[in-house]
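Chain residues, written in single-letter form:
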Amino acid sequence: MNSIKIRLLKLAFWLFIFHPNFAAAQRISIEPTFHFGTVVRHTPKINIQTGQPVFGQEIQIRLQTLGKQDWQILQRHPLFGLSFCHFHLGDGAHGDAFSFTPTLSVPLFRSEKWRGFFRFGSGIGWVTKPYHFLKNPTQNAIGSHVNNTFQANFSTEFRATQNIRAATGFSFNHFSNGSAALPNYGANIPTGYFSMIWTPKGDPVFEKKQVSKKAEGRKLGGLIYGGAAWVEYIILDGPRYPIWMGTAAATWKINKINRAMLGMDYEFNKSVFEWGFHAVTFPERNQAKLAATRLAIFGGDEFLFGSFGVQLQVGFYTGNRRINQYVLTDYYSKLVMRGYFPKIRGTSIRPHLGVYLKAHKVIAEYISINGGFEF
């Protein structure tokens, strides 16, 4: 099952890279970066070495949008990127970590000499020394070679010449596998960094035109989607079970680049069913099925960048305690990154595919692949 999940993550990753938004980004820059930070002990349960200096190197290809499409102007000309990064975490902290990450940089301010960005991305990571019950039993932050990575940073850039900029900022880097292989407390690496940005064709010239932000057409819509994640449950090196999920939500266009949503999440956690039924915690299958079922209502906000959406949502479990058993908290959060495809001919239905990260407080429960339809 883990190999299936890895293939699905790779599929979503390459669909993101070859998404039409990248074709709209027409000015290329190269950004080499030097990181300096540390591995933090975000929970007392991890026993890896923390607090030691950590150095990292990163190279990023940046693609600047120029305002050829209305959403690029409304989003203040964001940048897309592809980042390859390496951190040496240390022999007592899983060795070396590598990541290959699509990124999105959202402008915070821009002047003739200075500009600032908030950048984030999620991709595929590789850790050289994960937990292993024989080969590496004392390092428990990460339980597999293949991981999901998340990066977020704030940067300030200064234009030195027409082709060269210097940048500095703060970055947060996270490696984990979403409980696909236990243990999975994750590795958190905050860093400061310095980079140089080379743009062979010089600073871009943006399209200058007035674009209305007001939403057009019907404001009320909907989303329907489903997906799956595979997780280990309680037992290290144990079997992996699927979590099946489905969602229905009503959406409301706030403007052309932002919409709110209200909906319901459904999950069936097969690991809870198998564990509860075979341990005779629930003597009947129907009782075990109810215990493994979760229902929640949620509210969310989606920021649209052309055919790419970033959604933040908070959900609350609802229903009697025959369902929603074995949840860490009464609420959860999700970070969703999805790509939309062209509408099905003759309809208003648009397919989408996305990667979803679910967490209770700061503890990630799973990473899933979901697909569905917007209408």
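This one's a predicted model, so the numbers in the text were calculated from it and none came from an experiment. (Residues numbered from 1 in each chain as written. Predicted model: local features only at pLDDT ≥ 70, side-chain atom pairs only at ≥ 80, totals over all residues. Heavy atoms only, no water.)

## Comments concerning the overall build of the chain
Spelled out, the test is: Comment: elements are numbered from the N terminus, with helices defined as DSSP H or I runs of at least four residues and strands as E runs of at least two. A radius of gyration in this sense is built from C-alpha atoms; the matching globule rule multiplies 2.2 Å by the number of residues raised to 0.38. Accessibility here uses a 1.4 Å probe with only protein chains present; expressed as a share of the type maximum, an area under 20% marks a residue as buried, one over 50% as exposed, and anything in between as partly exposed. Working rule for contacts: check all heavy atoms of both residues, and any pair within 4.5 Å makes them a contact. The protein chains shown are the only cover counted for residues, whose accessible areas, like all others here, come from Shrake-Rupley with a 1.4 Å probe.
Within the chain, the regular secondary structure consists of five helices and 16 strands. Over its C-alpha atoms the chain spans a radius of gyration of 22 Å, differing by no more than 12% from the 21 Å that the globule rule assigns to 375 residues. By its C-alpha atoms, the chain is 70 × 55 × 30 Å across when sized along the principal axes. Looking at the chain residue by residue over its 375 residues, the buried ones come to 53%. At a minimum sequence separation of 6, the contacts of the chain that also span at least 24 residues come to 62%. Put simply, the chain shows about 17,500 Å² of open surface, and 65% of that area lies on carbon and sulfur atoms.

## As for the sheet that holds strand S15 (residues 350-360)
For the record, the criterion: Two strands are said to pair when DSSP picks up at least two bridges between them. To obtain an axis, a line is fitted to C-alpha atoms, over the contacting stretch when the element is a helix, and the angle between two such axes runs from 0 to 180 degrees between their N-to-C directions.
Sheet architecture is closed into a barrel: eight strands sit in the order S9-S10-S11-S12-S13-S14-S15-S16, paired in antiparallel fashion. The average angle at which neighbouring strand axes cross in this sheet is 25 degrees, direction not considered.

## What to know about unusual backbone geometry
Glycine aside, negative phi is the norm for most residues, and most peptide bonds take the trans geometry. At His94, a residue that is not glycine, the phi angle is positive and equals roughly 75 degrees. Tracing the chain through its elements places His94 in the loop between strand S3 (79-90) and strand S4 (95-110). Classification of His94 by relative accessible area gives buried; the value is 0%.

## Describing the environment of Ile48
Here Ile48 shows up in the loop between strand S1 (25-38) and strand S2 (53-65). Expressed as a C-alpha distance, the spacing of Ile48 and His35, which sit 13 residues apart in the sequence, is 21 Å. Setting aside chain neighbours within four positions, we find Ile48 in contact with Val39, Arg41, Gly92, Ala93, His94, Gln139, Asn140 and Ala141.

## Focus: a nonpolar patch on the surface
Filter applied, for reference: Like charges are joined within 9 Å and nonpolar side chains (Val, Leu, Ile, Met, Phe, Trp, Tyr) within 5 Å, but only among residues with over 30% relative accessible area and no salt bridge; these make up the patches. We define a salt bridge as a contact between a side-chain nitrogen of Lys or Arg and a carboxyl oxygen of Asp or Glu at a distance within 4 Å.
On the surface, a cluster of nonpolar side chains totalling about 500 Å² of accessible area is made up of Leu108, Phe109, Trp114, Phe154 and Phe158. Contributions of two or more residues to the nonpolar patch are made by S4 and strand S6 (146-159). Mapped onto the elements of the fold, Trp114 is located in strand S5 (residues 114-127). On the basis of relative accessible area, Trp114 is assigned to the partly exposed category, the value being 43%.

## A few points about the side chain of Glu374
Filter applied, for reference: The definition of a polar contact used here is a pair of N or O atoms within 3.5 Å, where within protein one atom must be able to donate a hydrogen and the other to accept one, and adjacent residues in sequence count solely through side-chain atom pairs.
Examined against the element boundaries, Glu374 turns out to sit in strand S16 (residues 363-374). For Glu374, a relative accessible area of 13% puts it in the buried group. Within the structure, Glu374 has its side chain in polar contact with the side chain of Arg259 (distance 2.5 Å). Those residues within four positions of Glu374 in sequence are excluded, and the remaining contacts are Gly222, Leu223, Arg259, Tyr340, Ser348, Ile349, Arg350 and His352.

## Concerning the pairing of S3
Within S3, nine of the 12 residues are buried, leaving the element largely enclosed by the surrounding structure. Bridge count for S2 against S3 is 10 bridges, and the pairing is antiparallel. Following the sheet pairing, Leu63 is matched in S3 by Phe80. Pairing of S3 with S4 involves 11 bridges; the strand directions are antiparallel. Bridging across to S4, His86 finds its partner in Phe98. Hairpin geometry of S3 and S4 is characterised by an intervening segment of four residues between the two adjacent antiparallel strands and by a positive phi of about 75 degrees at His94.

## Description of the pairing of strand S9 (residues 220-232)
S9 sits mainly inside the fold: 10 of its 13 residues count as buried. Pairing of S9 with strand S10 (residues 240-255), which is carried by 13 bridges, proceeds in the antiparallel orientation. Looking across to S10, one finds that Gly222 is bridged to Ala250.

## Describing the pattern of salt bridges
Counted under the stated rule, the structure contains 21 salt bridges. Across the salt bridge formed by Asp70 and Lys209, the nearest N and O atoms sit 3.4 Å from each other. A residue pair is termed long-range when its members are at least 10 positions apart, and Asp70 in helix H3 (residues 70-74) and Lys209 in the loop between strand S8 (187-198) and S9 qualify at 139 residues. Of the charged contacts, one joins Glu267 and Lys358 as a salt bridge, the two residues approaching to 2.9 Å between their closest N and O atoms.

## Notes on the environment of Gln60
Positionally, Gln60 belongs in strand S2. Excluding residues within four positions of it along the chain, Gln60 makes contact with Ser29, Ile30, Glu31, Gly81, Leu82, Ser83, Thr103 and Arg119. Side-chain polar atoms of Gln60 contact the side chain of Thr103, separated by 2.6 Å.

## Looking at the confidence of the model for the chain
Where the model shows low pLDDT, its predicted coordinates should not be examined in detail. So the rule is basically this: Predictor confidence is given residue by residue as pLDDT, running from a minimum of 0 to a maximum of 100.
The predicted model of the chain has a mean per-residue pLDDT of 88, with 91% of residues at 70 or higher. Counting contacts from residues 16-25, a segment whose pLDDT is below 50, to residues more than four positions away or on other chains yields 26 contacts.

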